[in-house]
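# Secondary and tertiary structure notes
The primary structure of each chain is shown beneath.
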Amino acid sequence: MSDNHQEHEHMSIAKYFIVFGILFVGTIVTYVVALTDLDGMFFAGANTLVALAIAFFKMMCVILFFMHVYWSPKLIKLSAVASFFWLAIMFAYTMQDYLTRGTGVFGQ
Amino acid sequence: MSTHSDTHEHHHAPGLQHQFEDMKQQEESVSIGMWMFLVQEIMFFGGLFTVYLVFRSKYPMAFAAGSNHLDAFLGGLNTLVLIVSSLTMALTVYYAQKGNRNMQVILIVLTMIFGATFLGVKAIEYADKYNHGLVPVTGLNKKIKEEKKGEHGVGHETGHEKPCYDVDHNAPVVEHPNPKGEFLWTDCSLAKLGLDTNTLTTDEKNGYFSNEQIDADKFRDKVRIFFWIYFVMTGLHALHMIIGLGLMAWLGWKAFRNTYSAEYYMPVEMSGLYWHFVDIVWIFLFPLLYLLGRHFLH
Amino acid sequence: MQTQEAIVQGLAAEPKLNYLTNGWTIKSWLLTKDHKRIAIMYLISVSVFFFMGGLYAGAIRLELLTPASDLLESGTYNKVFTQHGILMIFFFLIPSIPAILGNFLLPLMIGAKDLALPRINLLSLYIYWAGGALVLFALMQGGIDTGWTFYAPYSTTFSNTYVMLVGLGIFINGFSSILTGLNFIVTIHTMRAPGMTWFRLPLFVWAHYATSLVMILGTPVIAITILLLALERVGKIGIFDPSIGGDPILFQHLFWFYSHPAVYIMILPGMGVISELISNFSRKKIFGYEFIAFSSIAIAVFGFLVWGHHMFISGQSMYAGLVFSFLTMVVAVPSAIKVFNWTATLYKGSITFDTPMLYALGFLGLFLIGGLTGLFLGAMGLTVHLTDTYFIVAHFHYVMVGGQVIAYLGGIHYWWPKMTGKMYSEFWGKISAMLIFVGFNLTFFPQFILGYLGMPRRYASYPEELQVLNIFSTAGASVLGVGLLMPVVYLGHSLIFGKAAGDNPWMLPGLEWRTASPPPTENFEKMPVVTWEAYEFGEENGLDLEGARKRDAEAIPTT
């Protein structure tokens, strides 16, 4: 018995172009915002935060819509989330060493 | 040998492998397998992002300085090129599911063209670094002989006569002699900026200065770390792009031979997952490497 | 009752074409997609590496008979212990149970025809051979002396040995591990027979699922670490050099991010085997099935949070040390839960002291000691005294050898009749198990004392007053060596002269025992439909061992 797809099409061509448009605009915004001094306006690190936030948003668009994770089984969604969680472990636990170095007293 | 052929007519779907009962099981397996592969790829690049994170948090000004000498326009262009290639890749999967051979092949070729464009732009960028003495490994930069004294009034110029933070960004670029192809860096303006605005980290306070003066050699060492991370991360990414192009070539050939249809299109979808993953890595690399210190340049 | 029928049918299977006799050419082996043949090829390759690692161990113990560095001078000794570590860890312990027993048994235990991705399985084997060949070549060229942990800056800057080549071999071998893990996860998700729900899976399968998670999430990080090491050796940028702003501890963070979870790769499969052995040889349903299953996953996950406990004295911040120390205490809890559950399974069980059970009981005691000493080392105050001493060496040998290797041997003996269709000599099996147990303890227990007294690890010479304990240790190593060589002899002997084992020689309920020994290439004649829970024993399920043994003696002719 041949396979039985519930949905043959996840998205129409038009929708793919819309997502593309969002990614395109996101890139331009990243570039322009990087030229303005948000660090001076808000707090140190604001530029980096905004850049990463936009990058994260773009990544979600690619993952959910181009990689079809929006329509994927839970296991796939869990794999995608878990891998970022593991990245976070690697970053956080490494940085907790670097950020707490000093004379061995908390916060110094 | 097949276990359920006795119960109903066994329609062999194209591409069904012997260990699977039906196409659905095969598709599910291949999909989970590919995602497990992507999970390990994420951890692979993750190690490099960790190195980036550690050094950037230690030496933010050196990183910003190095970043400002990357061509953000070309980087941004490359980002757009990759996003377009992701679009063409997603559409390839769409047409593979429809069994439309011609559109598949056209879109795969387009994806490859954009991928090759990306690599071409990267090659231009790398060549530019080579020419300006910004490759962090000694010997891998363009070797420029010293001018003889007396000609053009240029002597044994090493670029260190002036304090390194007085570099004028609007002045014409002077070619410094570089007989050994070493890493050259003279722009310490951001170290001075950090000092003036008192925003240096502890590591920076120790790392950029000697005897309370900006030490050009020490600052250069930190900027060198930035460029090394740039080359390793974008180099590894470019390697994945090349592998992706190879994958596309294989896929294009199979698509040309009308292998894919609504019943059997998973190889296209899985190749698409790989391609999108490589795109996502670049989506993060671009702001983290190219756009760090742009807000300092006014 | 279906269960009973299935078991009786299994008993009466006639000799047919099995996976060993299905094709006699070299090509049919080297290009096979059959997970069972791949497992056998892994068995042979892994045994070769085990033997070589053992030779290096012998050299170490011989050198340490005397306090002076007389048999091997320091530079050579550095190479010997490094190579012992690299061969044993990367080419023996990490692949051992997953690549051999896991590959062979996983499809059988879940009722599948093969793994989900057989060609990836074969690729995994090829990659293992490639990495191994490269490392062997490097060893023949002159070897490596950085310690298996190849810390920067020695490995990046100062070592004149074949760091790049060995690094490349390990890098390549890592992909073998990743592909095996990938394959297992897919298989367990998609290839289970009808009725084989998650909580009917044998705990061996759960253990391999957890191991596979670690393989996929951790191994790429050692790959990138080796890449960075190689780039440092070539480019000499200095990212691990403090004088230009780098940090040698960064290397250690990246290294141990994988290498700590790697030790869980080197114990979880063993725990899976032990769950099978304890339950089956006490003929009692395992106590706390869900606890053991979830503990396996918990160990895999928590194992990623504790790597800093290898770096307490390295120079990392004290605060980070505190966090890692606390989490190390936490990660011991799931392992302890398992030990309690195994012990509870034994209670009021109908225990038979067959060879595999001897190994399982040995594991319980030895893993307990290894695990507890690990807790000692997780406490920051104590670890300052004990780091880089023989206490550490004793600790990790108790968990790795006393744990995984003992479990591996137990598993090999347990499933030997299934894999080969032959029974080995029970007498020699028991002798060998006892020699290994005695030899192991005599080798490594004195090392705890030596470490406490301050004998540093990785030194070819030591103070004279420590010689007596070292002599005990070497004597133990000789006994252990003999004990480990014996299975090669009697298991090999059984292949030719062994009694034909029936399909289910021990009358056990597992799905792998309900097909022929050795199994046919497609594993089962008919796709099984699972209607029973895991570990269901008892006469009502047709598993009357006494009665069956009597019938056996009458029905099946003994050769």
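Our subject in this report is the structure included herewith. (Residues numbered from 1 in each chain as written. Chains lettered and ligands numbered in written order. Predicted model: local features only at pLDDT ≥ 70, side-chain atom pairs only at ≥ 80, totals over all residues. Heavy atoms only, no water.)

## Remarks on the interface of chain B and chain A
Of the residues lining the interface, 55 residues belong to chain B; the matching set on chain A comes to 51 residues. For the pairing of chain B and chain A, the buried interface totals around 4700 Å² over both sides, and the portion due to carbon and sulfur atoms is 76%. If you sort the residues of chain B by the area they bury against chain A, B:Trp35, B:Leu87 and B:His295 come out on top, with a joint share of 13%. Here chain B is connected to chain A by zero salt bridges. (Contact = heavy atoms within 4.5 Å. Buried area = accessible area lost by both parts, 1.4 Å probe. Salt bridge = Lys/Arg side-chain N within 4 Å of Asp/Glu carboxyl O.)

## Considerations on a nonpolar patch on the surface
Residues and elements named next belong to chain C. There is a patch of nonpolar side chains on the surface, built from Ile-26, Leu-30, Leu-31, Leu-123, Tyr-126 and Trp-129 and spanning about 550 Å² of accessible area. The greatest single-element share of the nonpolar patch, amounting to three residues, is contributed by helix H5 (residues 118-141). Look at Trp-129 and you get partly exposed, because its relative accessible area is 30%. (Patch = residues over 30% accessible without salt bridge, like charges linked within 9 Å, V, L, I, M, F, W, Y side chains within 5 Å. Areas by Shrake-Rupley, 256 points an atom, 1.4 Å probe, with all protein chains shown as cover. Helix = DSSP H or I, 4+ residues; strand = E, 2+ residues; numbered from the N terminus. Buried < 20%, exposed > 50% of the residue type's maximum accessible area, 1.4 Å probe, protein only.)

## Let's talk about unusual backbone geometry
All names here are of chain C. Omega for the bond connecting Ala-152 with Pro-153 falls within 30 degrees of zero, at 0°, which places this linkage in the cis form. With respect to the element layout, Pro-153 can be found in the loop between H5 and helix H6 (154-158). Geometrically, the link from Ser-517 to Pro-518 is a cis peptide bond, its omega value of -10° lying close to zero. Even without a glycine there, the phi angle at Lys-236 is positive, about 50°. Overall, Lys-236 belongs to the exposed group, its relative accessible area being 56%. Positioned with a positive phi, Lys-348 is a non-glycine residue whose angle comes to about 60°. When you line up the elements, Lys-348 lands in the loop between helix H12 (318-346) and helix H13 (355-378). Overall, the relative accessible area of 70% leaves Lys-348 in the exposed class.

## Examining the packing of helix H4 (residues 74-110) of chain C against helix H7 (residues 163-190) of chain C
Residue and element names in this part refer to chain C. In contact at an axis separation of 11 Å, H4 and H7 are set at 20° when each is read in the N-to-C sense. Comparing their axes, H7 and H4 come out roughly parallel. Of the two possible hands of crossing, H4 and H7 adopt the one that is left-handed. For the pair H4 and H7, contact is made by Ile-86, Phe-90, Phe-91, Ile-94, Pro-98, Gly-102, Asn-103, Leu-106 and Ile-110 and by Val-166, Gly-169, Ile-170, Asn-173, Ser-177, Phe-184, Thr-187 and Ile-188, respectively. A breakdown of the residues in the contact of H4 with H7 according to their chemical character gives eleven nonpolar, six polar and no charged. (Axes fitted to C-alpha atoms, helices over the stretch in contact; angles between N-to-C directions. Parallel < 35°, antiparallel > 145°, perpendicular 65-115°, else oblique. Left-handed = near helix turned anticlockwise from the far one by under 90°. Nonpolar A, V, L, I, M, F, W, Y, C, P; charged D, E, K, R; others polar.)

## Overview of helix H2 (residues 60-68) of chain B
Residues and elements named next belong to chain B. When you tally the buried positions in H2, you get eight out of nine residues, the bulk of the element. Every buried residue belonging to H2 is among Met-61, Ala-62, Phe-63, Ala-64, Ala-65, Gly-66, Ser-67 and Asn-68, and all of these are buried. Of the surrounding elements, those touching the buried residues of H2 are helix H1 (23-58), helix H5 (189-197), helix H6 (202-207), helix H7 (216-256) and helix H8 (266-290).

## Some remarks on H1(B)
Along an α-helix, residues three or four apart share an orientation, since each turn contains 3.6 residues. Here H1(B) contains 36 residues, and its C-alpha end-to-end distance of 52 Å stays within 8% of the 52 Å for a straight helix at 1.5 Å per residue. H1(B) sits mainly inside the fold: 30 of its 36 residues count as buried. (Expected span 1.5 Å × (residues − 1).)

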